[in-house]
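# What the coordinates show
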Amino acid sequence: MTLHTAVIDAGSSGTRLFLYRVTPGPFAHVEKLLEQEFSTMASGAKEDGINNFVRPDDPAAQATVVPEIIDPLLEHARGFIAALEVEPAAVEVNLLATAGMRYAEGMHGRAAVDRLYDTIRGGIRRQGFAVGEVRTTCGSEEEGIWTWLNLNDVLVNAFTGDFEPVGIVEVGGSSLQLTFPTDEDPDVVPHLHRVTLNSRSFAISCRSFLGLGQDDARKEMRCRLGPEGSAVCFPSGFRAAFDHGDVLDGVGVHRLAADGRYEFGACSATYEAIVRDRLAATGIPDLAHARGDFVGIDGVYYASEYWDINEDPERLGDVIRGHCGTAANFPGIAEREIVQSQAANATYVHVLLTRLFEGTGRRLVRAVPSRQNGDTMLTWTRGYLLSRYSREQGAGGGT
């Protein structure tokens with residue numbers, strides 16, 4: 001039996017629909033047919049996540065999440081499936097929200113979030129689609145394992161042959177996610193999950209470390225060093241007047257008060273202290289028990305791809321030392337915020353990777369992009385469907 005299902009990734013900065021053709025089985029065949037995201041809403045305003053519609057003080061505004069975000073996505077999908085001669089009622093639509101809605105629940109309460117989800121379910125029904133799961137995911141056990149499943153299928157073919165899977169170092173904006181197969185016993189060690197797909201079984205370690213994302217680490221660096229001291233993490237000669245700054249909750253915008261004067265030792269030492277303090281509070285991950293090596297995604301990829309070393313990311317420290325001495329090595333730095341933060345972010349990623357892998361016997365062998373030629377290849381939404389529709393399943397919601 002072949003079916004069609006949509007998964008809406010409701011992130012903290014945007015909402016993207018993926019349409020898949022799925023054939024269930026011991027290892028489900030999951031083929032992506034369509035992905036769609038609109039940078040602006042129906043009203044023309046910037047689309048910045050459904051979490052902004054959690055408005056317990058204004059139910060009318062909360063209800064606009066459907067015409068503003070959900071309807072345009074489903075109408076686009078409707079036109080696509082019509083060409084496949086598939087009726088909307090035969091397509092299940094799942095909406096799974098991530099960190100933005102977890103934050104919204106903490107701010108406004110579970111009841112307010114549930115009311116928004118009820119509104120979205122009603123919008124899906126009115127469009128004639130079948131309503132699937134509409135909820136917030138668990139960041140560690142679900143998103144992390146779904147990402148691991150999809151990446152190891154796409155890059156390694158780990159579930160259709162004898163190839164060994166890889167672990168993942170995912171550096172986001174706010175958190176670090178580590179997911180890897182381990183030789184430890186999931187019945188004894190916390191944070192481990194059993195995964196069985198296509199007769200292959202693994203114990204998977206999956207943990208999320210808040211505050212160790214590159215944006216949060218950079219903000220902490222600015223706080224520790226101050227507006228003048230933090231210049232040691234920006235390219236030498238970068239004009240302080242051009243600094244876009246970082247917004248700190250409850251504080252405001254922190255910007256440089258001195259031109260960049262990059263110093264690898266001083267910048268690294270500050271990030272080393274941040275990593276040490278964060279891991280002291282959460283527990284240090286033990287990668288020595290990992291089965292196999294690792295690949296890096298998101299922040300790890302952007303740190304290395306900038307200098308075209310994503311196939312050899314262990315060179316990152318040497319490259320930073322050689323390039324951050326002058327702002328001339330960063331074209332567009334006066335205008336582009338992402339370029340302004342490149343030296344700081346890359347230094348942080350280098351420090352983090354050194355701390356994670358030193359003395360473990362494991363390596364970060366590649367850094368891989370989530371998207372190629374505008375097409376998303378690494379998405380947890382596909383891993384969600386692999387987990388859900390593969391008939392041989394382990395513990396933990398089908399994983």
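Rules and cut-offs
- Residues numbered from 1 in each chain as written.
- Predicted model: local features only at pLDDT ≥ 70, side-chain atom pairs only at ≥ 80, totals over all residues.
- Heavy atoms only, no water.
- Phe/Tyr/Trp six-rings, centres within 6.5 Å; stacked < 30°, edge-to-face > 60°.
- Helix = DSSP H or I, 4+ residues; strand = E, 2+ residues; numbered from the N terminus.
- Buried < 20%, exposed > 50% of the residue type's maximum accessible area, 1.4 Å probe, protein only.
- Pairing = 2+ DSSP bridges.
- Axes fitted to C-alpha atoms, helices over the stretch in contact; angles between N-to-C directions.
- Disulfide = S-S within 2.5 Å.
- Expected span 1.5 Å × (residues − 1).
- Salt bridge = Lys/Arg side-chain N within 4 Å of Asp/Glu carboxyl O.
- Core = buried A, V, L, I, M, F, W, Y, C linked by side-chain atoms within 4.5 Å.
- Contact = heavy atoms within 4.5 Å.
- Parallel < 35°, antiparallel > 145°, perpendicular 65-115°, else oblique.
- Left-handed = near helix turned anticlockwise from the far one by under 90°.
- Nonpolar A, V, L, I, M, F, W, Y, C, P; charged D, E, K, R; others polar.

Quick look at the packing of aromatic side chains now. For any pair of aromatic rings, geometry is given as the distance between the ring centres together with the angle between the planes. Tallied over the full model, the rule gives 15 aromatic pairs. Judged by centre distance (5.7 Å) and plane angle (75°), the rings of Trp148 and Phe159 are edge-to-face. On the criterion of sequence distance, the pair formed by Trp148 in helix 5 (residues 139-156) and Phe159 in the loop between helix 5 and strand 6 (167-171) is long-range, its members being 11 residues apart. As far as burial versus exposure is concerned, Trp148 and Phe159 are alike and both buried. Geometrically, the ring pair formed by Tyr301 and Tyr302 is edge-to-face, given 5.7 Å between the ring centres and 65° between the ring planes. Joined through ring pairs, the aromatic side chains of Phe27, Trp148, Phe159 and Phe202 make up one cluster.

Moving on to the sheet that holds strand 9 (residues 200-210). Taking strand neighbours across the sheet as the criterion, the 6 strands line up as 8-9-7-6-12-13 in an open arrangement whose pairing is mixed. A single partner strand is all that each edge strand has here, and the edge strands are strand 8 (192-197) and strand 13 (364-367). Shown here is a sheet whose adjacent strand axes are inclined to one another by a mean of 25°, direction ignored. Pairing between strand 6 and strand 12 (residues 294-298): 5 bridges, direction parallel. Looking across to strand 12, one finds that Val169 is bridged to Gly296.

Now for the sheet that holds strand 1 (residues 3-10). Each strand in a sheet pairs with another by means of backbone hydrogen bonds, the pair being arranged parallel or else antiparallel. Across the sheet, which stays open at both edges, the 5 strands sit in the order 3-2-1-4-5 with mixed pairing between neighbours. Among the strands making up the open sheet, the edge pair consists of strand 3 (29-37) and strand 5 (130-136). Geometrically, the sheet is characterised by an average inter-axis angle of 20° between neighbouring strands, direction not taken into account. Both strand 4 (residues 91-97) and strand 5 contribute to a ladder of 5 bridges, which runs parallel. Of the residues in strand 5, the one forming a bridge with Leu96 is Arg135.

Next up on the list: the state of the cysteines. One pass over the full model with this rule turns up 1 disulfide. At a sulfur-sulfur separation of 2.1 Å, the disulfide partner of Cys233 is Cys267. Judged by the sign of its S-S torsion, about 115°, the cystine formed by Cys233 and Cys267 is right-handed. Here Cys267 lies in helix 7 (residues 264-282) and Cys233 lies in the loop between helix 6 (214-229) and strand 10 (246-248), a separation of 34 residues in the sequence. Cys223 takes part in no disulfide bond, and the closest cysteine sulfur, belonging to Cys233, lies 13 Å away. With no disulfide partner, Cys324 has as its closest neighbouring cysteine sulfur the one in Cys267, 8.4 Å distant.

Let us now look at helix 11 (residues 342-357). Taking 1.5 Å of rise per residue, the 16 residues of helix 11 would be expected to cover 22 Å, and the 22 Å separating its terminal C-alpha atoms lies within 8% of that figure. Counting buried positions along helix 11 yields 14 of 16 residues, so the element is predominantly enclosed. Positive phi appears at Gly359, one or two residues downstream of helix 11, with a value of about 75°.

On to the pattern of salt bridges, then. Side chains that differ in charge, positive against negative, can pair when their charged atoms come close. On inspection of all chains with the given rule, the structure shows 29 salt bridges. A salt bridge links Glu35 to Arg16; the shortest N-O distance between them is 3.6 Å. In this pair, Glu35 is assigned in strand 3 and Arg16 in strand 2 (residues 15-23), connecting sequence segments 19 residues apart. As far as the burial class goes, Glu35 and Arg16 line up, both buried.

Right, let's talk about the pairing of strand 4 for a bit. The buried fraction of strand 4 is high, at 6 of 7 residues. The pairing of strand 1 with strand 4 spans 7 bridges and is classified as parallel. Within strand 4, the residue paired with Thr5 across the bridge is Glu92.

Ranked by internal contacts, the top residues of the largest apolar core, which has 52 residues, are Val169, Leu176, Tyr271 and Tyr348. Elements that contribute at least two residues to this core include exactly strand 6, strand 7 (175-182), helix 6, helix 7, helix 8 (299-305), helix 9 (316-323), helix 11 and strand 13. With 10 residues, helix 11 is the largest single contributor of residues to this core. In contact with Val169, not counting residues within four places along its chain, are Leu176, Gln177, Leu178, Phe294, Val295, Gly296, Ile297, Val300, Leu353, Leu356, Phe357 and Leu364. Ala28, Phe159, Ile168 and Cys206 belong to the second-largest nonpolar core, a separate cluster that totals 34 residues.

In this section: the packing of helix 2 (residues 65-83) against helix 4 (residues 110-126). Look at helix 2 against helix 4: their axes get within 10 Å of each other, and the N-to-C directions meet at 40°. Overall, the two elements helix 2 and helix 4 adopt an arrangement that is oblique. Crossing angle aside, the handedness with which helix 2 passes helix 4 is right-handed. On the side of helix 2, the interface is formed by Val65, Val66, Ile70, Asp71 and Leu74, while helix 4 contributes Leu116, Thr119, Ile120, Gly123, Ile124 and Arg126. A breakdown of the residues in the contact of helix 2 with helix 4 according to their chemical character gives 7 nonpolar, 2 polar and 2 charged.

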